[in-house]
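Coordinates in review
Listed below are the residues making up each chain.
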Amino acid sequence: MARRGDSRSPLQKCIISTLLVAVHVVGQEICDKAKCPGPVTYYQDLNCTPVYNNSGDCCAREYNCSHLKELSKDKCYVNDNEYDIGEYLRDEDKNPCDIGCTCMSINNGTASFSCALVSCFLPGSQYCFYRNNHDDCCPTSYVCSEEERKNTTCEVDGKTYRDGDYFRPKSDPDTDCYCMPGYTGEIVEPFCRKLKRPYCSPLFKHAEKVRKNCAPVPYNSRIPLKYCSYGYRCQNANDTVIRKHDDSSIVFKEEIICQFGDLVLNIGEELAQGTGIDSICVKCVCEVPPFLTCKRLSDSECGLE
């Protein structure tokens, strides 16, 4: 039987090809890492490398954090720079609120930075606002002008900010920005400045938690792991794993396991809840290795309502 030829015109073929390319590009543009499973921001702050099932995937199957095993417990680390115990944080790695930061042996001999506690006293007023600059931790300018406050606005990521407001653009989350007169949408100084180190870097103050394979836990179930909105769930003597299979049939594949303290979990397995204060109403599952994905459950999910 004769094979039917393609009767489409060159113009039709061109249009179809263009649409296919457009669909592919749009598919790439709508990839939102914040919607991917696992503690994505935590992995990014640790400089772990994402591992994908397929090239072009939006979400990682797991992360390679093997570099963490090479770090010395007697050293502090910032931006791949190494600090000895007793050494002060250098200007090249210092953000404005990093005051008096010193590398110290704090918990069980693990080195981490300890910094001065900073509290900015900011009295409020209906028609007054604070203007920040990138060289100081606390605002240095107090402006009382209702007209100036109303006339200066900054449109960023679908939100409207007013003079003096702080924002962090989605396109460049490692940048601090302040709305002020003259802002046109460009991520440039004096409006924006790149951070010298990530504020939430786990190794900066919580190296011991990382070394012990603790899991980050959001303070609020509705807030993702960003802006340092998390604590830690660490192993205790009563912790047990809820297995998907009988113990006799467990097969651990080193490249796809989660580690929690000295416990090992396969994908889909979770920790038993309520074994300690930090595990009450907290669900931790092996989802995107090597760290567990934890979330704080609502009162209704915990049976507290």
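These notes cover the structure that comes with them. (Residues numbered from 1 in each chain as written. Predicted model: local features only at pLDDT ≥ 70, side-chain atom pairs only at ≥ 80, totals over all residues. Heavy atoms only, no water.)

Turning to the packing of aromatic side chains, a few remarks are in order. The full count for this structure, using the stated rule, is 11 aromatic pairs. Both rings, one in F113 and one in F204, keep their centres 4.7 Å apart while their planes meet at 15 degrees; by these two values the pair is stacked. Of this pair, F113 sits in strand β6 (residues 110-114) while F204 sits in helix α4 (residues 202-205); the two residues are 91 residues apart in sequence, bridging distant segments of the chain. Judged on exposure class, the residue F113 and its partner F204 are both buried. Feature note: the residues Y42, Y43, Y63, Y232 and F291 constitute an aromatic cluster, connected by ring pairs. Taking NZ or CZ as reference, R90 lies 4.0 Å from the ring centre of Y83, over its face. (Phe/Tyr/Trp six-rings, centres within 6.5 Å; stacked < 30°, edge-to-face > 60°. Helix = DSSP H or I, 4+ residues; strand = E, 2+ residues; numbered from the N terminus. Buried < 20%, exposed > 50% of the residue type's maximum accessible area, 1.4 Å probe, protein only. Lys NZ or Arg CZ within 6 Å of the ring centre and 35° of its normal.)

Another point: the side chain of E269. Structurally, E269 is set in the loop between β18 (263-265) and β19 (270-271). For E269, a relative accessible area of 1% translates into the label buried. With near-sequence residues (within four places) excluded, E269 lies in contact with V241, I242, R243, K244, C284, V285 and C286. (Contact = heavy atoms within 4.5 Å.)

To continue, consider the sheet that holds strand β12 (residues 175-178). With antiparallel pairing, 3 strands are arranged side by side in an open sheet as β11-β12-β13. Here the strands that pair on one side only, and so sit at the sheet edges, are β11 (166-167) and β13 (192-194). Where β11 meets β12, 2 bridges bridge the pair, whose relative direction is antiparallel. Considered in β12, the bridge of Y166 is made with Y178. (Pairing = 2+ DSSP bridges.)

Core analysis: the largest hydrophobic core is formed by 22 residues, its most contacted members being L46, Y63, L68 and F291. Filtering out sequence-adjacent residues up to four positions away, L46 remains in contact with H67, L68, P202, L203, V210 and F291. Counting residues in each nonpolar core, the second largest holds 13 residues, with A215, C258, L263 and C284 among its members. (Core = buried A, V, L, I, M, F, W, Y, C linked by side-chain atoms within 4.5 Å.)

What follows is about the state of the cysteines. For the coordinates displayed, the defined rule picks out 12 disulfides. Note on cysteine connectivity: C101 is disulfide-linked to C115, with sulfurs 2.1 Å apart. A torsion of 115 degrees about the S-S bond marks the disulfide between C101 and C115 as right-handed. One end of the pair, C101, is in the loop between β4 (81-84) and β5 (102-107); the other, C115, is in the loop between β6 and β7 (128-131), and 14 residues separate them in sequence. Relative accessible area serves as the criterion here: at 3%, C101 is assigned to the buried category. By relative accessible area, which is 17% here, C115 ends up buried. (Disulfide = S-S within 2.5 Å.)

Moving on, we come to the pattern of salt bridges. Counted according to the given criterion, the structure contains 15 salt bridges. In this structure, the salt-bridge partner of D135 is R193, at a minimum N-O distance of 2.8 Å. With a gap of 58 residues between them, D135 in the loop between β7 and β8 (141-144) and R193 in strand β13 connect regions that are remote in the sequence. A relative accessible area of 57% means that D135 is categorised as exposed. By relative accessible area, which is 27% here, R193 ends up partly exposed. Counted as one network, the salt bridges with shared partners bring together K75, E82 and D84. (Salt bridge = Lys/Arg side-chain N within 4 Å of Asp/Glu carboxyl O.)

All right, on to the pairing of strand β10 (residues 159-162) then. Regular strands place side chains that alternate from one sheet face to the opposite one. Inspection of the sheet shows strand β9 (residues 153-156) paired to β10 by 4 bridges, in the antiparallel sense. Bridging across to β10, E155 finds its partner in T160. Between β9 and β10, which pair antiparallel in sequence order, lie 2 residues; one of them, D157, sits at a positive phi of approximately 50 degrees.

Time to look at the environment of D157. Turning to its location among the elements, D157 is positioned in the loop between β9 and β10. With relative accessibility at 41%, the residue D157 sits in the partly exposed group. Only 2.8 Å separates the side chain of D157 from the backbone nitrogen of K170, close enough to count as a polar contact. (Polar contact = N/O pair within 3.5 Å; in protein donor to acceptor, adjacent residues only side chain to side chain.)

If you trace the backbone, R197 turns up in the loop between β13 and α4. Residue R197 is classed as buried on the basis of its relative accessible area of 5%. At 2.9 Å, the side chain of R197 and the side chain of D98 are in polar contact. With near-sequence residues (within four places) excluded, R197 lies in contact with V78, N79, D93, N95, D98 and F204.

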